Amino acid sequence: MKHLLSVADLTRETATELLDEADRFEQALLGREVKKLPTLRGRTVMTVFFENSTRTRVSFEVAGKWMSADVINVSASSSSVSKGESLRDTAMTLRAAGADALIVRHPSSGAAHQIAAWTKGQGDGAGPAIINAGDGTHEHPTQALLDAVTLRQRLGDIEGRRIGIVGDILHSRVARSNAILLSTLGAEVVLIAPPTLLPVGVSGWPVRVSHDIDAELPSLDAVLMLRVQAERMNGGFFPSAKEYSITYGLSQKRMDLLPEHAVVLHPGPMLRGMEIASSVADSPRTAVLQQVTNGVHVRMAVLFRLLVGSDGGAL
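On a predicted model such as this, the values are computed, not experimentally measured, just so you know.

Analysis parameters
- Residues numbered from 1 in each chain as written.
- Predicted model: local features only at pLDDT ≥ 70, side-chain atom pairs only at ≥ 80, totals over all residues.
- Heavy atoms only, no water.
- Pairing = 2+ DSSP bridges.
- Helix = DSSP H or I, 4+ residues; strand = E, 2+ residues; numbered from the N terminus.
- Axes fitted to C-alpha atoms, helices over the stretch in contact; angles between N-to-C directions.
- Core = buried A, V, L, I, M, F, W, Y, C linked by side-chain atoms within 4.5 Å.
- Buried < 20%, exposed > 50% of the residue type's maximum accessible area, 1.4 Å probe, protein only.
- Contact = heavy atoms within 4.5 Å.
- Salt bridge = Lys/Arg side-chain N within 4 Å of Asp/Glu carboxyl O.
- Expected span 1.5 Å × (residues − 1).
- Polar contact = N/O pair within 3.5 Å; in protein donor to acceptor, adjacent residues only side chain to side chain.
- Parallel < 35°, antiparallel > 145°, perpendicular 65-115°, else oblique.
- Left-handed = near helix turned anticlockwise from the far one by under 90°.
- Nonpolar A, V, L, I, M, F, W, Y, C, P; charged D, E, K, R; others polar.
- Phe/Tyr/Trp six-rings, centres within 6.5 Å; stacked < 30°, edge-to-face > 60°.

Q: With reference to specific residues and values, describe the sheet that holds strand β8 (residues 222–225).
A: Pairing in this open sheet of five strands is parallel, and the strands run β7-β6-β5-β8-β9 from one edge to the other. Each of the sheet's edge strands pairs with one partner strand only, and the pair in question is β7 (208–210) and β9 (263–265). Here the strands of the sheet are splayed against their neighbours by 25 degrees on average, with no regard to which way each runs. Sheet topology places strand β6 (residues 188–192) next to β7; three bridges connect them, and they run parallel. Bridge pairing links L191 to V209 in β7.

The structure is reproduced here in structure tokens:
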């Protein structure tokens, strides 16, 4: 495993190994006054973000530092990209500067794949590992992995569970990655959204589609609420924020329709009052902060697998 560009590249076995690895990192850090492992000492990890991010960027940085890697943050606003440098030249510059791993977020779908192709070994050694931290509306693999870890912790197992993904499917890389990964792990995935917020080709996804959230909630083991990505929208995809909230928002009344064991997830940031009620967001049945914590452990597992390998020995 050289890169993590898409969850579609993960077999069920590999995905499960990554989830197990994340659990092992969590256990390895328990009780440590100083959260430091020597696992990636001497390795250089660079985060390259062309879009704003809090959770993903911070958790990758924490993951790298907890593993004793040298972590360097690169943002478009403070790099030569702001002077007109091409994405290829930026990637090749960071490769030449000694990056062992490049963690890339970019507004264009396929950007991470392209960087992996540009930076692969060209006679001067292997290129850096590329981790897709979100590319346009395509994928966000580590988000799907951390969601899977959270579901496993809350539900015990993913196989045979029914998971609903609700909201702006059209613009969501989180929805696509979760649909693929959760299906790979044996779950039944239901996409719940208005027709205007479903992507072309969704019939080819390993999912079922519904437009009626109230009819689906009583049979769900978990519901993943999505942020409405207004910044990616050109035109009217629904009448108003109030109308969307009434039709697809997870209110307290709607959460009460879920089975008692069901869990609520959200990748953040949450639009309280529109897609999710504050009482739901702050409920013990909602695992938002648990997702953030698991995100660090999952990203530690991914960095370990890519930079050390599956036979890297004890933590």
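Q: Now, about the nonpolar core: what can you tell me, with residues and values included?
A: The biggest cluster of nonpolar side chains holds 62 residues, and the ones touching the most others in it are L145, L151, I169 and L303. With nine residues, helix α11 (residues 288–307) is the single largest residue contributor to this core. Grouped together as the second largest cluster of nonpolar side chains are 21 residues, V166, L197, A262 and I276 included.

Q: Now, about the environment of L271: what can you tell me, with residues and values included?
A: Structurally, L271 can be placed in the loop between β9 and α10 (278–281). C-alpha of L271 to C-alpha of V228: the two residues are 43 residues apart in sequence and 7.9 Å apart in space. Once residues lying within four places of it in the same chain are set aside, the contact partners of L271 are R227, V228 and I276.

Q: Break down the pattern of salt bridges for me, with residues and values.
A: Opposite charge on two side chains makes pairing possible when the charged atoms of those side chains draw close. Evaluation of the coordinates by the stated rule reveals 13 salt bridges. Here R152 makes a salt bridge to D23, at a shortest N to O gap of 2.8 Å. Taken together, the residues R152 in helix α5 (residues 141–155) and D23 in helix α1 (residues 12–29) connect sequence positions 129 residues apart. Between D214 and R254 there is a salt bridge; the shortest N-O distance is 2.7 Å. In this pair, D214 is assigned in helix α7 (residues 213–216) and R254 in helix α9 (residues 252–255), connecting sequence segments 40 residues apart.

Q: Let's hear about helix α6 (residues 173–184): which residues, and what values?
A: In this model α6 runs 17 Å from its N-terminal to its C-terminal C-alpha over 12 residues, within 8% of the 16 Å that 1.5 Å per residue would give. Burial of α6 is extensive: nine of the 12 residues sit out of reach of the surface. Of the positions making up α6, those classed as buried are R173, V174, A175, S177, N178, A179, L181, L182 and S183. The opening residue of α6 is S172, an N-cap whose side-chain oxygen sits 3.3 Å from the backbone nitrogen of V174. Positive phi shows up at G186, right after α6, with a value of about 100 degrees.

Q: Explain unusual backbone geometry residue by residue, including any values.
A: For the bond from G268 to P269, the omega torsion is -10 degrees, close enough to zero to count as cis. Locating P269 in the fold gives a position in the loop between β9 and α10. Look at S68: it is not a glycine, yet its phi comes out positive at around 70 degrees. Structurally, S68 is set in the loop between α2 (55–66) and β2 (70–75).

Q: Run through the pairing of β8, naming residues and quoting values.
A: A regular strand carries its side chains on alternate faces of the sheet. Neither face of β8 is exposed, since A222 and L224 on one face and V223 and M225 on the opposite face are all buried. Two elements, strand β5 (residues 162–166) and β8, share four bridges in a ladder whose sense is parallel. Following the sheet pairing, V166 is matched in β8 by M225. With three bridges joining them, β8 and β9 adopt parallel strand pairing. Considered in β9, the bridge of V223 is made with V264.

Q: Any chance you could break down the packing of helix α3 (residues 87–96) against helix α4 (residues 111–119) for me, citing the residues and the numbers?
A: Viewed as axis vectors pointing N to C, α3 and α4 meet at an angle of 55 degrees, and their least axial separation amounts to 10 Å. The orientation of α3 with respect to α4, classified from their angle, is oblique. The hand of the α3/α4 crossing is right-handed. Contacts from L87, R88, A91, M92 and R95 of α3 reach α4 at A111, I115, W118 and T119. Per-class residue counts for the contact of α3 with α4 are six nonpolar, one polar and two charged.

Q: Help me get a handle on the packing of aromatic side chains, residues and values and all.
A: A full pass over the atoms with the stated rule returns two aromatic pairs. Aromatic side chains F25 and F304 sit 5.7 Å apart centroid to centroid with 75 degrees between the ring planes, which places their arrangement in the edge-to-face category. With F25 in helix α1 and F304 in helix α11, this pair connects stretches of sequence that are 279 residues apart. When the ring of Y244 is compared with that of Y248, the centres are 6.0 Å apart and the planes differ by 35 degrees; the resulting orientation is tilted. Of this pair, Y244 and Y248 both sit in helix α8 (residues 241–248), four residues apart, which is roughly one turn of the helix.

What is shown is where atoms sit, not what they do.
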